[in-house]
Amino acid sequence: MRKSKHIQVENLSKIYRVADKKPGLKGTFSHFFNRSTNNVEAVKGVNFSIEAGEIVGFLGANGAGKTTILKMLCGLIHPTNGYINVAGFSPQRRQNAFLKEITLVMGQKQQLIWDLPPMDSFQVNAAVYGILEMESKNIIFELAEMLDIGNELYRPVRKLSLGQRMKAELLASLIHSPSVLFLDEPTLGLDVNAQSRVRGFLTEYNKRTNATILLTSHYMADITTLCPRILCVHEGQIIYDGDLDSLSSRLNPNKKIIFEVRSDVSKESFSKYGKIQEINKGFISLLVSRNKVNFIVNQLLSDFEIVDLEIKDPPIDELIGDIFSNGKVL
Amino acid sequence: MKIFGLSPRVIKVLLTTQYANMLEYRIEIALWALSGILPFIMLSLWTESNTANTFSFTNIELSRYFLSAFLVRQFSVVWVVFLFEEDALLGRLSPYLLQPIHPLWRYVSSHLAEQLTRFPFAFLIAFIFFTLNPSSFWIPSFPRFLFACIATNFAFIIAFLLQSLIASLCFWSEKASSLERLIFVPYLFLSGLLVPLSAFPSHILKFVLYTPFPYLINFPARILSGMPVDILKIISIQIIWILILTPIVRFLWQIGVRRYTAMGS
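This structure is a prediction, so every number in the text was calculated from the model and none was measured.

Bringing the packing of aromatic side chains into the picture now. Scanning the entire structure with this criterion turns up 23 aromatic pairs over all chains. Aromatic pair F48(A) and F58(A): ring centres 5.9 Å apart, planes at 70°, arrangement edge-to-face. In this pair, F48(A) sits in strand β2 (residues 36–50) while F58(A) sits in strand β3 (residues 55–59), placing the two residues 10 residues apart along the sequence. The interplanar angle of 35° and the centroid separation of 5.8 Å between the aromatic rings of F201(A) and Y205(A) together place this pair among those described as tilted. Remark: Y205(A) and F201(A) occur in helix α7 (residues 192–209); sequence separation between them is four residues, near one turn of the helix. Y205(A) sits in the buried class, given a relative accessible area of 4%. Put simply, the rings of F40(B), F70(B), F129(B), F130(B), F137(B) and W138(B) touch in pairs and so form one group of aromatic residues.

In this assembly, 27 residues from chain B lie in contact with 33 residues from chain A. Counting each side, the surface lost to burial between chain B and chain A is near 2,600 Å², with a carbon and sulfur contribution of 62%. Looking at the side of chain B facing chain A, the largest losses of area belong to R9(B), L98(B) and P100(B), adding up to 28% of the total buried there. For E24(B), the salt bridge goes to R158(A), with nearest N and O atoms at 3.9 Å. Counting across the chain B and chain A interface gives three residue pairs in polar contact (both at pLDDT 80 or more). Within the residue set of the side of chain B that touches chain A, elements represented by two or more residues are α1 (8–23), α6 (93–97) and α12 (231–259) of chain B.

As assigned here, chain A comprises domain 1 (2–248) and domain 2 (253–312). Each of domain 1 of chain A and domain 2 of chain A was reduced to a C-alpha centroid, and the two centroids are 44 Å apart.

Right, let's talk about the packing of helix α5 (residues 80–90) of chain B against helix α8 (residues 142–168) of chain B for a bit. All names here are of chain B. Where α5 meets α8, the axes come as close as 8 Å, and the angle between the chain directions of the two elements is 30°. On the basis of their axis angle, the class for α5 and α8 is roughly parallel. Remark: the crossing between α5 and α8 carries right-handed chirality. Mapping the contact onto sequence places V80, V81 and F84 in α5 and F160, Q163, S164, I166 and A167 in α8. Looking at the contact of α5 with α8 residue by residue, the class counts come to six nonpolar, two polar and no charged.

A few words now on a nonpolar patch on the surface. Residues and elements named next belong to chain B. Nonpolar side chains collect at one region of the surface, where I27, L31, L34, I37 and I41 lie side by side and expose about 470 Å² of accessible area between them. When residues in the nonpolar patch are grouped by element, the largest group, three residues, is from helix α2 (residues 26–35). The residue L34 is located in helix α2 in this model. A relative accessible area of 47% means that L34 is categorised as partly exposed.

Turning to the pattern of salt bridges, a few remarks are in order. All names here are of chain A. Following the criterion strictly, the structure yields 12 salt bridges over all chains and no others. When the shortest N-O distance is used, the salt bridge between E142 and R208 registers 3.1 Å. Note that E142 is positioned in helix α5 (residues 133–147) and R208 in helix α7, a separation of 66 residues in sequence. The partly exposed category is assigned to E142, whose relative accessible area is 41%.

This brings us to α1(B). A rise of 1.5 Å per residue sets the reference length of α1(B), with its 16 residues, at 22 Å; its end C-alpha atoms lie 22 Å apart and thus fit the reference within 8%. Buried residues of α1(B): V10(B), V13(B), L14(B), T17(B), Q18(B), N21(B) and M22(B), and no others. Projected onto a plane normal to the axis of α1(B), the buried residues spread over an arc of 160° and lie on a single side. For α1(B), the secondary structure elements touched by its buried residues are α4 (118–128) of chain A together with α2 and α7 (103–132) of chain B.

Rules of the game
Residues numbered from 1 in each chain as written. Chains lettered and ligands numbered in written order. Predicted model: local features only at pLDDT ≥ 70, side-chain atom pairs only at ≥ 80, totals over all residues. Heavy atoms only, no water. Phe/Tyr/Trp six-rings, centres within 6.5 Å; stacked < 30°, edge-to-face > 60°. Helix = DSSP H or I, 4+ residues; strand = E, 2+ residues; numbered from the N terminus. Buried < 20%, exposed > 50% of the residue type's maximum accessible area, 1.4 Å probe, protein only. Contact = heavy atoms within 4.5 Å. Buried area = accessible area lost by both parts, 1.4 Å probe. Salt bridge = Lys/Arg side-chain N within 4 Å of Asp/Glu carboxyl O. Polar contact = N/O pair within 3.5 Å; in protein donor to acceptor, adjacent residues only side chain to side chain. Domains from an automatic or database assignment. Axes fitted to C-alpha atoms, helices over the stretch in contact; angles between N-to-C directions. Parallel < 35°, antiparallel > 145°, perpendicular 65-115°, else oblique. Left-handed = near helix turned anticlockwise from the far one by under 90°. Nonpolar A, V, L, I, M, F, W, Y, C, P; charged D, E, K, R; others polar. Patch = residues over 30% accessible without salt bridge, like charges linked within 9 Å, V, L, I, M, F, W, Y side chains within 5 Å. Areas by Shrake-Rupley, 256 points an atom, 1.4 Å probe, with all protein chains shown as cover. Expected span 1.5 Å × (residues − 1). Arc of directions from axis to C-beta.

Okay, here's the thing in structure tokens:
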């Protein structure tokens, strides 16, 4: 049963011991001579499994525990309790065979050598992972083509833009063709175009290699574009595991119908169709129950002379924001 | 064939890449080499105060000793604590820990590459020293030179292990560089960098010889400068220190890495 899953997590917990200090001089002396510590349960009995080739997004507010889960999955930190199996290995043992199966990319954290061109760092990584020289060159040029970087490979890292550096970081992390990618905020700080290119690359990489990808991001576009499945983490617990559409419909049972009518119509004329959100000249925005959308749209089309019509979900950022503040999915 | 678990290709790529990296910092390295002239300052101090005889050295022997101390120091200086602390605090250690090579090998390669970069500067300083002080010129016999090279390399390994031991404490204390002072001060006074150990009272010297510090500068420098010394005994003691420190570093690393919280990332 366990072996059929690429990643299996059971009852995973992590407790950190954190020192507390009160403000002021008194607090400073008290902290110096008699340090008090608290146990902070960052992850509380988490369970989930992930199939090979899935792209899964971890969503959660800052400090929710998503990065801690990611770090335990890649073996960087040891869990306090629980069972983890990634690609058939126990991550915390950090066996070489396991390390060759995974990679961790952290936005704004770099492994490239600052004063040398990325190519030098790639060659170090290729040698460390035991990839033959010719094979490594083929992999580097294939990935460089996918990432749309060429000349940048031979320029010192310090001379590259943030977007170019991130692409080079991704390339350095993928030289050994890992089957599991852990991405912690991979698009952090990138401009919209660079974010989009990184997302495009990850989608393509997943298609080509069937690699399992787990990512955390605060950019909803990363999640909506890349992740068919999301895990919502709140105060160290997983409060939702499923696809984004289902989450969206569970969180908000309504859809928004925005339309334009040719002639001026009074506000009262629309109140029977749904909750009026906005009327501005000929533009009307209605909030309608999801299961009545088709019926209402047909009614509107037959009752009015509609110039334009659009059906929308409420912005996902707002819905996720609600989860973060409420800590539960209805 | 593997050397310490590393393939020749990994060793070659690590060294060439780190050498290329160090060449980017050649001016800084030249300045670092210059900043290592402490032994020459001590030489002029001891020569001016006519205390050479109290060390049982002639002035020429004293000159040769301090030049040798300078050269040994140039090729055995270690700063792994500072590299490790910076990498740990900035989160750069995390990707290193997730690669199938021990992170300490990266630091070893950067130190070796830096030594190679220092070589011409150290050679130039030695040349200037002999030009200004021609009476102290000497060429060690080939076996002496060879043993001095071996002893200097062992001194580097011992210093590296000592600092790695302190660096491992980074897993417990985020500021291990302050703990480095614990070994820097005894290193400064007991290694022979400031004064040859023959100047020490015999009861203190007896104690000092039980520490690793004299084997970092004093004895390798004595071998290079051609002074009478039991070379095989010195090298044997260096090997014993390496054999003692290696498992301690490995043990501390193993238990320390379990405490790692990937701070800064």
